[in-house]
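Descriptive analysis of the structure
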Amino acid sequence: MRLLTIGAFARAARLSPKALRLYDELGLLRPAAVDGESGYRFYDPAQLERARLIAWLRRLGMPLARIRKVCDLPADAAAGEIAAYWEQVLAETAARGELATFLVDYLSGRGSTVEETATLLGIRYAARSDSGLGRTSNEDTAYAGPRLLAVADGVRGSSGDLASAAAVEALKPLETMTVPAEDLLGALADAVGDADRALREIAASAPSGEAVTTLTALLWSGSRLALVHIGDTRAYLVRDGELFQITHDHTYVQALVDEGRLTAEEAASHPRRALLARALMGAGGARPQLALHDAAAGDRYLLCSDGLSAVVAASSLREVLTGDAAPQEVLDELVERAYAAGAPDNIACVVADVVSLETPVAGGEQ
């Protein structure tokens, strides 16, 4: 078969000669022949399919090193690698979208001419973690302090109890750190990085080689609070008698709901509803949800593992949370309802009431 000059081959493949020379240098697409005197490159028409695949993958934005891997795979395996790459792109785009949304909201708030309240707020709080019925271990961790609330749900069989405890421990130094309101998110993000590194050490000595946990936490400063969230532990806000879920589940099933492929009702009974799409794994590159909220006296927050949220309906949560009981009593009632529903999983939850610092507090409440 007659070979094509680099110019003719470039036109047929819809690539530039400059790109072909680069792909030759990188070993992605070697010419079929090179003139010994002029160094001119010639290509076999049979190479057009590979050249076009490279061009398409470049249009997807795939790095050249990964393109080389795809091109060397059989067709079915190459298709799977491309699908995995695109899922990664979508996940990273979603994370950047969350960050962009936060920055827009944050900067818009800073530019507001509305006078901010000078009232400093505090919290009354309680935390509780219980084993589910039939469970022989508890991988859930719950913590509540004057400035930090946190719930973590370790994955069973992956040193989950150590992972959840380590994730919360990594955040506890924030209780005593002086963190300006404008740096709350940065401080939380740094602490999550510390948590991920702690998990890496646990995984290194674990029989399974893994240490996996979810994490949802709130950090307070004045009248503002920062939220960090990864996985399917949840944070709820009760304000003016209404219940709002302020986190988004990072699960395989929730992704199907977001794409319109499942209804919320179908997701609730899906056999893979507990499969995590994001978690702390000690592998670096964790992509938690970060958000900044303004608190108001009278707000009530609930942080919980799916051992509560998966078995107690939102309407039942709202009924308990909108009552007048103190945080510890509310927790006790929520756990009782989880047990009444069978409590197939461990239960960790934190309840905190926002109060003006002028409001008298007593005992273990702040």
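One structure accompanies this document, and this report is about it. Once a new chain begins, its residue numbering starts again from 1 and follows that chain's sequence as written. Totals for whole chains, interfaces and linings use all residues, but because this is a predicted model, local features are given only for residues with pLDDT of at least 70 and pairs of side-chain atoms are given and counted only at 80 or more. Think of the side-chain values as coming from all heavy atoms in the structure, minus any hydrogens and water.

Things to note about the packing of helix H1 (residues 6-13) against helix H2 (residues 17-25)
The axes used here are C-alpha line fits, helices contributing only the stretch in contact, and every angle between their N-to-C directions lies in the interval 0 to 180 degrees. Think of it this way: any DSSP run of H or I at least four residues long counts as a helix, any run of E at least two long counts as a strand, and we number them from the N terminus. Put simply, H1 and H2 touch, their axes get as near as 9 Å, and they point 100 degrees apart. Of the possible angle classes, the one that applies to H1 and H2 is roughly perpendicular. From H1, Ile-6, Phe-9 and Ala-10 reach across to H2, where they touch Pro-17, Leu-20 and Arg-21. Class assignment of the residues belonging to the contact of H1 with H2 gives a composition of five nonpolar, no polar and one charged. To sort the angles, those under 35 degrees are grouped as roughly parallel, those over 145 as roughly antiparallel, those from 65 to 115 as roughly perpendicular, and the leftovers as oblique. We call two residues in contact whenever any of their non-hydrogen atoms come within 4.5 Å of each other. Side-chain classes follow a simple rule in which Ala, Val, Leu, Ile, Met, Phe, Trp, Tyr, Cys and Pro form the nonpolar group, Asp, Glu, Lys and Arg form the charged group, and the remainder, Gly included, forms the polar group.

A few points about helix H6 (residues 160-171)
Along an α-helix, residues three or four positions apart point the same way, because every turn accommodates 3.6 residues. How far a helix is expected to stretch is found by multiplying one less than its residue total by 1.5 Å. The end-to-end C-alpha distance of H6 is 17 Å, a good match for the 16 Å that twelve residues give at a rise of 1.5 Å each. Only protein chains enter the area calculation, which uses a 1.4 Å probe; residues under 20% of their type maximum are buried, those over 50% are exposed, and those in between are partly exposed. What H6 keeps buried is the set Gly-160, Ala-163, Ser-164, Ala-166, Ala-167, Val-168, Ala-170 and Leu-171. Those residues of H6 that are buried lie in contact with strand E5 (140-144), strand E6 (148-153), helix H7 (184-205) and strand E7 (215-221).

Remarks on the pattern of salt bridges
Put simply, a salt bridge is a Lys or Arg side-chain nitrogen that is within 4 Å of an Asp or Glu carboxyl oxygen. Per the stated rule, a full pass over the model turns up 17 salt bridges. Arg-135 is paired through a salt bridge with Glu-139; the nearest N and O atoms lie 3.8 Å apart. Note on Glu-139: relative accessible area 7%, which makes it buried. Between Asp-194 and Arg-197 there is a salt bridge, and its shortest N-O distance comes to 2.5 Å. One end of the pair is Asp-194 and the other is Arg-197, both in helix H7 and three residues apart, which spans about a single turn. Overlapping salt bridges bring together Asp-24, Arg-30 and Arg-41 as one network.

Honestly, that's just the spatial picture; any functional story needs more than this.
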